[in-house]
Amino acid sequence: QRRSTEIFSFDPGAMSLALQDGVLEHVQLERGNFRGQIAHTAAASTRVDWGSYTLSVLARGDLTKEMVTLGMAVAGRGDWRVHGQQIVRGDMVAFPEQGELMVALPPQAQWLTLQVPRSRLESAGLAMTPLLAASARRMRGDMDASLLQALGELAPVLAPHEAKAQFGATDVERAHDELLSVLLSELVRRGGKGDSGASLRPGERWRVIRRAEEYLESTGEASVRIDDLCVAACTSLSRLERAFREAFGVSPRRFLMLRRLAAVRGELLKGNSHSSVTDVATRWGFFHLGRFSQEYRLHYGERPSETSSARRG
């Protein structure tokens, strides 16, 4: 499911239906001509909303009963207020199932929310009960270059201004899984982990790596869910991160991306005349083709089209 709503004047009914099927109430907090965009995508077990508003707005109401909500303040001219607590650009907020949302958004706000079952978060070793003890848990952080890049790469599938692009259900599922991987890493980085992240015991690093590699070898899927990888490796995300960085020098998410990049190159080298570079890249979960091409060229020293042309020639 994928839909986009463009709002040319303040319309609380349209905004509520675009987000929570009429549950949320919206109030315009400042004078002016309001404009907004909201994009909604739904996968098998997750939902993502990504939007932007030109003027300050209050949003309040009850959240879904079935899922935890992870929100991020992507942009805004000024501070946000969540349940009366001041937050700033780059901060994340976690809301429990059936929690209440009360957020005052600043002018020029851009935001995203991911709704996900608690079980998927706990599969990554996150202790959700203490994390969600309050009605809204703030996790401070900033929009560093790697986070902005990750969100930019997913924007063609998830962001409002790209909503006319043609992507199928499989693409949406992969984009949701990648966004969850990004936000899980942010949770760990910002102190939401369920263990201390201390050095791995002797031999534990290689047990984690071997289990992870066995799982990756057993699945032929283009996209691997990071929470499934944690389950397969019998470890938490924080310890998986440590094991991969100690063994390979990169994070699990970076490793999985390089694995997908290698798969694209493998297909291009085979020279299948029925598949374009775009087809192959999208099939392996690269949605922002400009950034994919740049990453490919930096990694392999040639553009993907050159790899394909050389093989076919």
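Residues numbered from 1 in each chain as written. Predicted model: local features only at pLDDT ≥ 70, side-chain atom pairs only at ≥ 80, totals over all residues. Heavy atoms only, no water.

Caption draft 1: The arrangement of the nonpolar core in detail. Within the largest apolar cluster, 53 residues are counted, with the highest numbers of intra-cluster contacts made by Met72, Leu179, Leu184 and Leu240. Broken down by element, the residue count for this core peaks at nine residues, all from helix 5 (residues 169–189). Core analysis: the next-biggest nonpolar cluster, separate from the first, contains 24 residues, Tyr53, Ala59, Trp80 and Ala109 among them. (Core = buried A, V, L, I, M, F, W, Y, C linked by side-chain atoms within 4.5 Å. Buried < 20%, exposed > 50% of the residue type's maximum accessible area, 1.4 Å probe, protein only. Helix = DSSP H or I, 4+ residues; strand = E, 2+ residues; numbered from the N terminus.)

Caption draft 2: Spotlight on the sheet that holds strand 2 (residues 25–28). Read from one edge to the other, the open sheet built from five strands follows the order 2-5-10-7-8, with strand pairing classed as antiparallel. The outermost strands of the open sheet, each flanked by one partner alone, are strand 2 and strand 8 (85–87). Taking each pair of neighbouring strands and ignoring which way they run, the sheet shows an average axis angle of 20°. Note that strand 5 (residues 57–62) and strand 10 (residues 100–105) share six bridges and pair antiparallel. Bridge pairing links Gly61 to Leu101 in strand 10. Those strands touched by helix 1 (residues 12–20) are strand 2 and strand 5, and its axis lies near 135° from that of strand 2. (Pairing = 2+ DSSP bridges. Axes fitted to C-alpha atoms, helices over the stretch in contact; angles between N-to-C directions. Contact = heavy atoms within 4.5 Å.)

Caption draft 3: Local environment of the sheet that holds strand 11 (residues 109–116). The seven strands lie next to each other as 1-3-4-11-6-9-12, forming an open sheet whose pairing is antiparallel. Either end of the sheet is taken by a strand with one partner, and the two such strands are strand 1 (2–7) and strand 12 (137–139). For this sheet, the mean angle separating the axes of adjacent strands, direction not counted, is 15°. Inspection of the sheet shows strand 4 (residues 47–53) paired to strand 11 by seven bridges, in the antiparallel sense. Residue pairing across strands places Ser52 opposite Gln110, the latter belonging to strand 11. Each of strand 1, strand 3 (36–42), strand 4, strand 6 (68–75) and strand 11 touches helix 4 (residues 145–158); the most contacted strand, strand 4, lies at about 100° to it.

Caption draft 4: Highlighting the confidence of the model for the protein. The share of residues in the protein with pLDDT of 70 or more is 92%, and the mean pLDDT across the chain is 88. Here helix 3 (residues 128–131) stands out as the least confident element of the protein, with mean pLDDT 74; strand 7 (residues 80–82) is the most confident, with 96. (pLDDT = per-residue confidence, 0-100.)

Caption draft 5: The arrangement of the side chain of Arg260 in detail. With respect to the helices, strands and loops of the structure, Arg260 is situated in helix 9 (residues 252–270). Of the side chains with opposite charge, Glu178 lies nearest to the buried Arg260, which makes no salt bridge, at 4.3 Å. In terms of polar contacts, Arg260 uses its side chain to reach the backbone carbonyl oxygen of Trp284, at 2.9 Å. (Lys, Arg positive; Asp, Glu negative; His and termini not counted. Salt bridge = Lys/Arg side-chain N within 4 Å of Asp/Glu carboxyl O. Polar contact = N/O pair within 3.5 Å; in protein donor to acceptor, adjacent residues only side chain to side chain.)

Caption draft 6: Seen up close, the pairing of strand 3. Burial analysis of strand 3 places six of its seven residues in the buried class, the great majority of the element. As paired strands, strand 1 and strand 3 are joined by six bridges and run antiparallel to one another. If you follow Ser4 over to strand 3, its bridge partner there is Ala39. Here strand 3 runs beside strand 4; their pairing, made up of seven bridges, is antiparallel. Of the residues in strand 4, the one forming a bridge with Ile38 is Gly51. Here strand 3 hands over to strand 4 after four residues, the two strands then running antiparallel side by side.

Caption draft 7: Just the packing of helix 6 (residues 204–218) against helix 8 (residues 237–248), in detail. Relative to each other, helix 6 and helix 8 sit at 95°, their axes nearing to 9 Å. Relative to helix 8, helix 6 is oriented roughly perpendicular. Between helix 6 and helix 8, the contacting residues are Glu204, Arg205, Trp206, Val208, Ile209, Ala212 and Glu213 on the first element and Arg239, Leu240, Ala243, Phe244, Glu246, Ala247 and Phe248 on the second. Broken down by class, the residue content of the contact of helix 6 with helix 8 amounts to nine nonpolar, no polar and five charged. (Parallel < 35°, antiparallel > 145°, perpendicular 65-115°, else oblique. Nonpolar A, V, L, I, M, F, W, Y, C, P; charged D, E, K, R; others polar.)

Caption draft 8: Structural view of the packing of aromatic side chains. Taken as a whole and assessed by the stated rule, the structure comprises 10 aromatic pairs. When the centroid spacing of 5.5 Å and the interplanar angle of 45° are considered together, the rings of Phe34 and Tyr53 count as tilted. You can see Phe34 sitting in the loop between strand 2 and strand 3 and its partner Tyr53 sitting in strand 4, a full 19 residues away along the chain. Residue Phe34 shares its accessibility class with Tyr53, and that shared class is buried. Each ring, one from Phe286 and one from Phe292, has its centre 5.0 Å from the other, and the planes form 40°; the classification is tilted. Using a relative accessible area of 7% as the deciding quantity, one classes Phe286 as buried. Residue classification places Phe292 among the buried residues on the basis of a relative accessible area of 3%. Among the aromatic residues, ring-to-ring pairing joins Phe10, Phe34, Tyr53 and Trp111 into one connected group. A cation sits over an aromatic face here: Arg265 above Tyr300, 4.7 Å from the ring centre. (Phe/Tyr/Trp six-rings, centres within 6.5 Å; stacked < 30°, edge-to-face > 60°. Lys NZ or Arg CZ within 6 Å of the ring centre and 35° of its normal.)

Caption draft 9: Main features of the side chain of Thr282. Topologically, Thr282 is positioned in helix 10 (residues 277–283). From its side chain, Thr282 meets the backbone oxygen of Thr278 in a polar contact 2.9 Å long. Not counting residues within four places of it along the chain, the set of residues in contact with Thr282 comprises Phe167, Asp171, Arg174, Phe287 and Leu289.

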